[in-house]
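Architecture at a glance
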Number of protein chains: 2
Amino acid sequence: MKDLLELRSDILKALAQPTRIKILDFLRDGERCVCEIFPAIGEEQSNTSRHLNMMMDAGVLSRRKEGLKIYYTIKHPEILQVVDLVNLIVEEEITGRHKLLKAV
Amino acid sequence: MKDLLELRSDILKALAQPTRIKILDFLRDGERCVCEIFPAIGEEQSNTSRHLNMMMDAGVLSRRKEGLKIYYTIKHPEILQVVDLVNLIVEEEITGRHKLLKAV
DNA sequence: GGAATATATGAGTCTATAAGCATATAGTCA
DNA sequence: TGACTATATGCTTATAGACTCATATATTCC
């Protein structure tokens with residue numbers, strides 16, 4: 001049985017990888033099937049599938065089956081809030097560094 | 001030069017590890033030196049030092065020197081917001097699973 | 001049932017990460 | 001200067017992660 005610390009790090013791990021961030025960015029607009037996702041992000045089908053399943057296990061995505069296709073969605077709205085906050089931090093880091101460079 | 005995608009995943013990576021989450025939980029109340037942090041979280045001094053430096057590089061922590069001691073702080077308030085959101089998601093996941101279990 | 005399509009998985013490789021132990025570096029104070 | 005304390009780093013080992021290629025498992029439609 002996983003403890004809270006593990007559950008927390010599993011969710012963060014599921015967000016902490018470039019390919020998975022590309023997937024999340026693409027899923028912003030709503031649910032998409034694997035066949036739409038992997039060409040959009042420019043990764044192999046098998047690799048994309050693994051990342052999607054990994055994010056499912058962590059509780060970050062949910063999926064819905066429709067015929068042959070499987071549609072993935074971002075499960076919790078808080079996931080997108082996290083992504084947005086991280087984008088904000090990155091901006092602050094970049095402008096922060098810039099200031100330092102100008103100051104020297 | 002790192003691109004935005006890397007900067008974003010670096011920040012998330014810096015949060016996505018149990019030992020580092022313990023450090024962040026401990027730094028909630030304000031700045032602490034390494035000598036306070038590693039006994040509090042129950043990790044080795046060298047291991048703790050590495051994690052702290054890793055989080056510094058990612059832009060998650062900042063540090064201040066005072067004599068022999070080095071005090072670390074959480075650099076951006078958004079970091080704590082991210083941690084809180086993740087805690088919320090974990091709660092939702094747990095109660096969500098519970099509901100499902102009860103429903104079966 | 002057989003062809004075609006969508007998704008998942010097995011096996012292998014390569015790289016990254018975490019941790020421990022020992023040691024180096026740097027600052028303080030007598 | 002030398003002893004002492006706080007922090008960082010070199011080296012090693014163990015484990016996990018990401019990726020690719022090939023193949024398996026559905027599901028649909030003829």
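All values derive from a computational prediction rather than experimental measurement.

**Some details on the sheet that holds strand S3 (residues 69–74) of chain A**
Paired through their backbone hydrogen bonds, the strands of a sheet run either parallel or antiparallel. Residue and element names in this part refer to chain A. The antiparallel open sheet is built from three strands, whose spatial order is S1-S3-S2. Two strands lie at the open edges of the sheet, namely strand S1 (32–33) and strand S2 (61–66), each paired on one side alone. Where S1 and S3 come together, two bridges link them in antiparallel fashion. The residue of S3 that forms the bridge with Cys33 is Tyr71. Packing of helix H2 (residues 18–27) onto the sheet brings it into contact with S1, S2 and S3, and relative to S3 it is tilted by some 90 degrees.

**Focus on the nonpolar core**
Grouped together as the largest cluster of nonpolar side chains are 56 residues, with contacts concentrated most on A:Leu24, A:Val60, A:Leu61, B:Leu24, B:Val60 and B:Leu61. With eight residues, the top contributor of residues to this core is helix H5 (residues 77–103) of chain A. When sequence neighbours within four positions are dropped, the list of residues in contact with A:Val60 reads A:Ile11, A:Ala14, A:Leu15, A:Leu24, A:Met55, A:Thr73, A:Ile74, A:Lys75, A:His76 and A:Ile79.

**Here's the deal with the relation of the copies chain B and chain A**
Overlaying chain B with chain A gives an RMSD of 0.0 Å, the required rotation being 180 degrees about an axis along which the chain moves by 0.0 Å. The operation mapping one copy onto its partner corresponds to a two-fold rotation axis. Within chain B, B:Val82 has its C-alpha nearest the rotation axis, a separation of 2.7 Å.

Reading the values: the criteria
Residues numbered from 1 in each chain as written. Chains lettered and ligands numbered in written order. Predicted model: local features only at pLDDT ≥ 70, side-chain atom pairs only at ≥ 80, totals over all residues. Heavy atoms only, no water. Pairing = 2+ DSSP bridges. Helix = DSSP H or I, 4+ residues; strand = E, 2+ residues; numbered from the N terminus. Contact = heavy atoms within 4.5 Å. Axes fitted to C-alpha atoms, helices over the stretch in contact; angles between N-to-C directions. Core = buried A, V, L, I, M, F, W, Y, C linked by side-chain atoms within 4.5 Å. Buried < 20%, exposed > 50% of the residue type's maximum accessible area, 1.4 Å probe, protein only. Least-squares fit on C-alpha atoms with pLDDT ≥ 70 in both.

In short, shape yes, function no, at least from these values alone.
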